[in-house]
Amino acid sequence: MASFYRYLFFLWLMSTASTVFAGGKTINHQMCIHADHINVEENAGHLTPLTQIKKYVALGDSYAAGVGAGPEVSSECWQFADSYPGLLNRSSLLPEAHDFQFLACSGVRMLGLDTYTNRAERKLHRSVAEYIEKVENASVATLSIGGNDVGFFNLLNACVYNFYGPLSGSCEERLEFASAVIASSQFADGYNAMLDLLVERGDSPSFRILATGYSAFFDDALTEDCNEYTLSYWPGWWHQYLSVELRKRINDISDQLNDRIGQIIRARSDDRVIWVNWAPRFVKHRFCQPGKPPVNGEDTWFFDVDFRSFVPDDEVDIETCEHESSLSGDWGERALCGMAIVKARFPEATMRGFNDSLDVNGGRQPFAPSTARLFHPTLRGHQAILEEIRRVWPYY
């Protein structure tokens, strides 16, 4: 019996020593498992807190590149420091000692579908698969794809901005095309294929992909306050008013796209892919809020173009710009090319602000972020996306 009590005393002594050497905190010995053998906690669905994140990789289109948000990081892909990947990279969610691979690039797509409106644009485009192939030993990744595949630029050009004037295409056709692409089996197959490629680039069982979506552009209230406004670059000649019906139909495309991506991810039943639906965080921060102008300063978390004066013809080569801008996929290049073509073909065309209430002078250099960022999240928007990532973050 005495030996038994001595054994109990020994166990108590070892337990006390562990607590003392841990600074008063009991050591959870399961936390010392190597990162390659980390288990997922039951019920909670989160990875153990000491998961070692050695590398964060950001992939996707211009929404991930963060066009216009903060200082420019790369002109080749229009990457910006205050994009949500940039904010996440600097956040407390990641350890101080980690690598960051910023592979998001404006204009990338996942499908080979023809989302363009004219023959000159039907050229080889950049695929997100090319950038996934550059990923090595990723611990966690974010991914934003789909918007270019449904032809967001062509839709906004035909239905809102009319950068190409009478050559902008049919709004009705662009809406129908986008809806058809989203519902197609090719879209689901392409999205799954990109996820499959990326999953293979993870460095351990703890690897996770946070797949981000998109948001409706206009306020959900859909009041008549915006009915007499236009965001067209050529409102005196070719324009579309922001009617309730038009705003609703454009919002429906964004909602369909988000719903489709969410469905694809849920159907995979794969814990390694996490759906990040940040759209609800933009409520009350979209275009056309009730009782306000279409673009309401910093309270609107999407960019509009910040100039409405023409870039001189000699700064844009209309003979080559369509081809060059289609290869890059950059919204700014394509918009400025369209403006240059219209000015050359219709020299009497004039530019005025929406509802004749804005007349901004000064001009811009061609292919500038000020044009490329239209209908992309502002800094406040990217901060909101980061907060949604924080809400679903698996490494707690």
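Coordinates for the structure precede this section.
So, how was this worked out
Every chain begins its residue count from 1, and numbering advances along the sequence as written. Where totals are concerned, whole chains, interfaces and linings use all residues; where local detail is concerned, this predicted model gives features only for residues with pLDDT of at least 70, and gives and counts side-chain atom pairs only at 80 or more. Excluding hydrogens and water, the side-chain values take into account all heavy atoms of the structure. In these notes, a set of buried Ala, Val, Leu, Ile, Met, Phe, Trp, Tyr and Cys residues joined through side-chain atoms within 4.5 Å is what counts as a nonpolar core. For each residue, the accessible area found with a 1.4 Å probe, counting protein chains only, is set against the maximum for its type, and the residue is called buried under 20%, exposed over 50%, and partly exposed in between. By definition in these notes, contact holds between two residues if any of their heavy atoms fall within 4.5 Å. Only a pair of cysteine sulfur atoms within 2.5 Å qualifies as a disulfide here. Runs of E in the DSSP output that reach at least two residues are strands. Runs of H or I that reach at least four are helices, and both are numbered from the N terminus. In protein, a polar contact requires one atom able to donate a hydrogen and another able to accept it; more generally it is a pair of N or O atoms within 3.5 Å, and residues adjacent in sequence count only if both atoms are side-chain atoms. For helices, the fitted line uses only the C-alpha atoms of the stretch in contact; every axis is such a line through C-alpha atoms, and the angle between N-to-C directions lies from 0 to 180 degrees. Here roughly perpendicular refers to angles of 65 to 115 degrees, roughly parallel to angles under 35, roughly antiparallel to angles over 145, and oblique to all remaining angles. For this scheme, ten residues count as nonpolar: Ala, Val, Leu, Ile, Met, Phe, Trp, Tyr, Cys and Pro. Four count as charged, namely Asp, Glu, Lys and Arg, and the remainder, Gly too, count as polar.

**Quick word on the nonpolar core**
For soluble globular proteins, nonpolar side chains are generally found buried alongside one another.
Argument step 1. By size, the foremost hydrophobic cluster in this structure holds 102 residues, and its most contacted members are Phe-187, Tyr-191, Phe-217, Phe-375 and Trp-393.
Argument step 2. The residues touching Phe-217, leaving out its near neighbours within four places in the chain, are Tyr-63, Phe-152, Leu-156, Ile-250, Asn-251, Ser-254, Arg-286, Phe-287, Phe-302 and Phe-375.

**Side note on the state of the cysteines**
Argument step 1. Taken as a whole and judged by the stated rule, the model has three disulfides.
Argument step 2. A disulfide bridge connects Cys-159 with Cys-171, and the sulfur atoms are separated by 2.0 Å. Residues Cys-159 and Cys-171 are joined through a disulfide that is right-handed, its torsion about the S-S bond being 105 degrees. You can see Cys-159 sitting in helix H5 (residues 152-161) and its partner Cys-171 sitting in helix H6 (residues 171-183), a full 12 residues away along the chain.
Argument step 3. For Cys-159, a relative accessible area of 0% puts it in the buried group.
Argument step 4. By relative accessible area, which is 11% here, Cys-171 ends up buried.
Argument step 5. There is a disulfide in this structure between Cys-226 and Cys-288, and the S-S distance comes to 2.2 Å.

**As for the side chain of Ser-106**
Argument step 1. Structurally, the position occupied by Ser-106 is in the loop between strand S4 (99-102) and helix H4 (128-132).
Argument step 2. Side-chain polar atoms of Ser-106 contact the backbone oxygen of Cys-77, separated by 3.0 Å.

**Quick notes on the packing of H5 against helix H8 (residues 244-268)**
Argument step 1. For the pair H5 and H8, the least separation of the axes is 11 Å and the interaxial angle reads 170 degrees. Taken together, H5 and H8 sit at an angle that is classed as roughly antiparallel. Packed against H5, whose contacting residues are Phe-152, Leu-155, Cys-159 and Val-160, the element H8 presents Leu-246, Ile-250, Ile-253, Ser-254 and Leu-257 at the interface.
Argument step 2. Across the contact of H5 with H8, the residue classes tally to eight nonpolar, one polar and no charged.

**Quick look at unusual backbone geometry**
Argument step 1. A positive phi is found at Trp-78, a non-glycine position, where the angle reads about 55 degrees.
Argument step 2. Topologically, Trp-78 is positioned in the loop between strand S2 (72-74) and strand S3 (79-80).
Argument step 3. The exposure class of Trp-78 is buried, given its relative accessible area of 10%.
Argument step 4. With phi around 75 degrees, Lys-284 is a residue other than glycine that occupies positive phi space.
Argument step 5. Within the secondary structure, Lys-284 sits in the loop between strand S7 (273-276) and helix H9 (321-328).
Argument step 6. On the basis of relative accessibility, which here comes to 52%, the residue Lys-284 falls in the exposed class.

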